[in-house]
Amino acid sequence: MKHATANLSVQGLNCASCVGRVERALAAVPGVDEVAVNLATETARVRYASDAVNVEALASASTEAGYPAEVVEDGTVSAPDSTDETRNAFRRMWIALALGLPVFLLEMGAHTIPAIHRAIAGSIGMQGSWLIQFTLTALILLGPGRVFFRLGVPALLKGAPEMNSLVALGTAAAFSYSTVATFAPQLLPAASRTVYFEAAAVIVVLILLGRALEAGAKGRTGAAIRALVGLQVRQARVLRNGATTDIEIDDLMVGDVVVLRPGERVPVDGEVIEGTSYLDEAMITGEPIPVEKSVGSTVTGGTVNGSGALQVRVTRVGADTTLSQIIRMVQDAQGAKLPIQSLVDRVTMYFVPVVMAVAALTVLIWLLFGPEPTLTYALVAGVSVLIIACPCAMGLATPTSIMVGTGRAAELGVLFRKGDALQQLSGIDTVALDKTGTITEGRPEVTEVILAEGFARETVLSLAAAVEGASEHPIASAIIRAAKNVFTASEVEVVTGQGIRAQVEGRHVAVGSGRFMAETGVEVQALSEAEEAHMGRGETTIFVAVDGALAAMIAVADAVKPSSKQAIEALHARGLRVAMITGDKRATAEAIAAQIGIDDVIAEVMPDGKVNALNELRGEGAVAFVGDGINDAPALAQADVGIAIGTGTDVAIESADVVLMSGDLTGVVTAIDASRHTMRNIRQNLGWAFVYNTALIPVAAGLLYPFTGMLLSPAFAAGAMALSSVSVIGNALRLRGMERG
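The rules we used
- The residue count restarts for each chain, going from 1 along the sequence in the order it is written.
- Where totals are concerned, whole chains, interfaces and linings use all residues; where local detail is concerned, this predicted model gives features only for residues with pLDDT of at least 70, and gives and counts side-chain atom pairs only at 80 or more.
- Where side-chain values are given, they derive from all heavy atoms of the structure, hydrogens and water being excluded.
- UniProt positions are given in the numbering used here, feature names are shortened, and annotations may be inferred rather than shown by experiment.
- We count a stretch as a helix when DSSP gives it H or I for four or more residues in a row; a strand needs E for two or more, and each element gets its number in order from the N terminus.
- The globule rule used here is 2.2 Å times the number of residues to the 0.38 power, and the radius of gyration it is set against is calculated over C-alpha atoms.
- For every residue, the accessible area (1.4 Å probe, protein chains only) is compared with the maximum for its type, and the residue is labelled buried under 20%, exposed over 50%, or partly exposed between those bounds.
- Note on contacts: a residue pair qualifies if any of its non-hydrogen atoms lie within 4.5 Å across the two residues.
- For accessible areas, the Shrake-Rupley method is used with a probe of radius 1.4 Å. Any residue's cover is judged against the shown protein chains and nothing else.
- Strand pairing is assigned whenever DSSP identifies at least 2 bridges connecting the two strands.
- Pairs were defined over the aromatic rings of Phe, Tyr and Trp, the Trp ring being its six-membered one, requiring ring centres within 6.5 Å. Orientation was assigned from the angle between planes: stacked under 30 degrees, edge-to-face over 60, tilted for the rest.
- In this analysis an axis means a line fitted to C-alpha atoms, helices contributing only their contacting stretch, and an angle means the value between N-to-C directions, from 0 to 180 degrees.
- Here, a salt bridge means any Lys or Arg side-chain nitrogen found within 4 Å of an Asp or Glu carboxyl oxygen.
- Note: the arc covers the axis-to-C-beta directions of the helix.

If you look the protein chain up in an unreviewed UniProt entry, it shows as P-type Cu(2+) transporter from Gymnodinialimonas ceratoperidinii. As recorded by UniProt, the Sequence similarities (unreviewed entry) comment attached to the protein chain reads in full: "Belongs to the cation transport ATPase (P-type) (TC 3.A.3) family. Type IB subfamily." Under the heading Catalytic activity (unreviewed entry), UniProt records this for the protein chain: "Cu(2+)(in) + ATP + H2O = Cu(2+)(out) + ADP + phosphate + H(+)".

Structure, rendered in structure tokens:
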């Protein structure tokens, strides 16, 4: 059975109950395996059996549940922008405010300021005031407030009430009661003949204000995606038939040659075939220092060319480019549902029905036991419970933090490929590091040449490089890179595992270990102390003999990256153990570990033994593994969290949960910081949301009235509810200030 993933854009999501309803509707479609609906992005991600259901059926299921949905084509890269939503939300709020302010002044002014009460009584009279309030409040409910009834009433009739249902019930109750008091007062006890038009009006105004602020804040949470999408170039200058032509980026093909002028942004991924320049790759890797590019160098779409001119052969276009893949990774992470969200889901599934039951019970208790006018008190308390308990904050608590946290991490060069890694990484105890290419540069270099008397450095290196030219050993390539001139060797003889000898420029040259030199009859005692010193630092040493005489000792090492020691110190500062897993000899591994402060060393590990090494480390808690090579892929997949160095192989990156776009270990620190800050932010948001709802519902129901004589106003309840949602989003936005680790 084949499986596929569909992305849906869903309208009408306002609270956690809406999310749960859409998830249940989609999960009920036969063939659907997994569903994750994100309130902050207003999207749904569905994994389904492609031979059992089609995406149109999924969109229809959401639409039939009351939440219109449409399919977002796979591979589509877009920038979520709530500008129109925010503008419309503020427009509705301003209309409601313009109509509601006179209602508030007429009613509350008459209650609190005697002069206004006398002015109203002496002019239009209280009945006239009520008629004006009725008219303006009706316009509010039929106009900007209609959205609550349009969405809330159908949900209520289906037996699946949500936030809009609570607002619709509360405002309808206040408006209906006031309408009866205005036009048929004889139906009410004399003591209860009062109006609450201002409560219905102010509730709508404040909730619309909250939604407008919420829409604006949600727009800022997507700033990272919009910044990444903004890096995409729309046109490219292509060299065809000897002339340059400007074409749309969508018309580019692999193999095209793009002409890049100074200061221009690279349109797509490619390889430099002519020219030299420096490229600013900060928006992709997070590294501020420009990188030199020349013939043979790869360039990434979205980066900025410096002062040189380049010709680039296109290697990847469209959805295959690095920038498009990065954007999709961030979108995937932002749309993820973390394990911590399951608690919210369980609570909100029953939350709104429970709130309605509590509101009904509140009304009943006030009617039975409340003081006169009991009906008035019952109405105020019941409406306050309905309004204050809307679970908006609970629904926004997790997704907004995820959006901002993963977006900011992406700006710092850390991509969370799998959303749950964001939570798991915050709980790791040990960071296990591959050595080659992760801690070290990944290729050996000549660190020192110690000469015997009578020999010159350049001559020895050139002779040694000529002999090593016949070898494929990494040390051979290091010597060849160090030599300025390379001669031609003949009569090459390779002694496996020992060394190599040949004729070069009429001289007999031998390169190899001390034992190989001894077998060749060359005495190396003069440089033995230097050899021991370099080997103690984890370096590899070889000797060079020319015409039977010792010429030099060459020390070669896979140099530790400059940032590795600093990164390991930072990991220690965060209370983490650091281990190194390597196939190197133990002496070499321990020398490097001592140099940079690694706690545990697991050496002489075969490529297929890294998984077993990880299992050993798990005895001390959860383990994150950092690697870059093909042989690291199994360990990256097996670890609690796999972190791939972005400069590594595609196989390693595909096996990882987190990808570091830069090639050094400081990205690991940034990833852990991003995880911890985001999870702390989520816990703060959830704590606030749960405390707010559980603490204020009893207050709204009138718990404090017997002790203080205070009953919460429905208008205050609406303001508190709106403030709760805005507070949660505002707290999540603090993550935008996160810095590199």
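**Q** I keep staring at the overall build of the protein chain and nothing clicks. Help me out?
**A** Helix and strand content of the protein chain: 28 helices and 26 strands. The globule rule puts the C-alpha radius of gyration for 741 residues at 27 Å, and the 35 Å found for the protein chain is more than 25% above it. Overall, the C-alpha framework of the protein chain stretches about 125 × 65 × 55 Å when taken along its three principal axes. Among the 741 residues that make up the protein chain, the fraction classed as buried is 53%. Considering only contacts in the protein chain between residues 6 or more positions apart, those separated by 24 or more positions represent 68%. Only carbon and sulfur atoms are counted for the fraction: they give 57% of the accessible area of the protein chain, which is about 31,400 Å².

**Q** What should I look at first to understand the pairing of strand β20 (residues 540-546) in this one?
**A** Remember that side chains alternate between the two faces of the sheet whenever the strand is regular. A large share of β20 lies buried, amounting to six of its seven residues. Where strand β19 (residues 507-512) and β20 come together, four bridges link them in antiparallel fashion. Paired with Gly512 across the strands is Phe543, a residue of β20. Two strands pair when backbone bridges link them, and β20 and strand β21 (residues 549-557) are joined in this way by seven bridges, in the antiparallel orientation. Residue pairing in the sheet places Thr540 in a bridge with Val556 of β21. Here β20 hands over to β21 after two residues, with Asp547 in that stretch at a positive phi of 50 degrees.

**Q** I keep staring at the side chain of Lys435 and nothing clicks. Help me out?
**A** Mapped onto the fold, Lys435 is located in helix α16 (residues 435-439). Residue class for Lys435 comes out buried when judged on its relative accessible area of 3%. In this structure Lys435 touches Thr440, Asp558, Met580, Ile581, Thr582, Asp584 and Ile592, once residues within four positions along its chain are discounted.

**Q** Just checking my understanding: could you explain the packing of aromatic side chains for this structure?
**A** Each aromatic ring pair is summarised here by two numbers: the centre-to-centre distance and the angle between the ring planes. Evaluated as defined, the whole model comprises seven aromatic pairs. Every member of this aromatic cluster is reached through a ring pair, and the members are Phe134, Phe175, Phe183 and Phe197.

**Q** Honestly, the sheet that holds strand β2 (residues 32-38) in this entry has me stumped. Any pointers?
**A** Taken together, four strands build an open sheet; the order of strands is β2-β3-β1-β4 and the sheet is antiparallel. This sheet does not close on itself; its edge strands, each paired only once, are β2 and β4 (69-72). Averaged over all neighbouring strand pairs, the angle between strand axes comes to 25 degrees, with direction disregarded.

**Q** Any chance you could explain the environment of Ala155 here in plain terms?
**A** For Ala155, the position within the fold is in helix α6 (residues 146-157). For Ala155, a relative accessible area of 9% translates into the label buried. Through-space distance from the C-alpha of Ala155 to that of Arg734 is 35 Å; in sequence the pair is 579 residues apart. In contact with Ala155, other than residues within four places in its own chain, are Ala160, Pro161, Glu162 and Ser165.

**Q** Would you explain the pattern of salt bridges in this entry?
**A** A pair can form between side chains of opposite charge whenever their charged atoms are brought close. On inspection of all chains with the given rule, the structure shows 16 salt bridges. Of the charged contacts, one joins Arg316 and Asp269 as a salt bridge, the two residues approaching to 3.3 Å between their closest N and O atoms. Remark: Asp269 occurs in strand β8 (residues 269-274) and Arg316 occurs in strand β13 (residues 310-316); sequence separation between them is 47 residues. You can call Arg316 partly exposed: its relative accessible area is 31%. A residue is classified by how much of its surface remains accessible, and Asp269, at 3% relative accessible area, is buried. A salt bridge links Arg481 to Glu445; its shortest N-O distance comes to 3.3 Å. Here Glu445 lies in strand β16 (residues 445-451) and Arg481 lies in helix α18 (residues 474-482), a separation of 36 residues in the sequence. Judged by its relative accessible area of 35%, Arg481 is partly exposed.

**Q** I tried to follow unusual backbone geometry on my own but got confused; where do I start?
**A** In most cases, non-glycine residues show a negative phi, while peptide bonds are predominantly trans. Of the consecutive residues Glu372 and Pro373, the connecting peptide bond is found in the cis state with omega at -10 degrees. For Pro373, the location among the structural elements is in the loop between α12 (341-369) and α13 (374-388). Positive phi outside glycine occurs at Glu505, with the angle close to 50 degrees. Relative to the elements of secondary structure, Glu505 occurs in the loop between β18 (499-504) and β19. With a relative accessible area of 55%, Glu505 lands in the exposed category. Of note in the backbone geometry, Asp547 takes a positive phi value of approximately 50 degrees without being a glycine. Structurally, Asp547 can be placed in the loop between β20 and β21.

**Q** Explanation requested: the UniProt feature "transmembrane region" (unreviewed entry) in the protein chain in the structure shown.
**A** Feature annotation in UniProt places "transmembrane region" (unreviewed entry) on residues 93-110, 130-153, 165-188, 194-213, 347-369, 375-398, 686-705 and 711-733, given in this structure's numbering. In residues 130-153, helix accounts for 88% and strand for 0%; the two terminal C-alpha atoms are 27 Å from one another. Each end of residues 165-188 is marked by a C-alpha atom, and these two atoms are 26 Å apart; helix forms 79% of the span and strand 0%.

**Q** Would you take a moment to explain helix α20 (residues 528-536) for this structure?
**A** For an α-helix the count is 3.6 residues per turn, leaving residues at separations of three or four pointing the same way. Considered for burial, the residues of α20 that qualify are Ser528, Glu531 and His534. An end-on view of α20 places all buried positions within 125 degrees of arc, on one side of the element. Counted as exposed and oriented over 90 degrees from the buried face of α20: Glu529, Glu532 and Gly536. Residues of α20 that are buried sit in contact with β16, β20 and β21. Within two residues after α20, Gly538 carries a phi angle of roughly 85 degrees, on the positive side.

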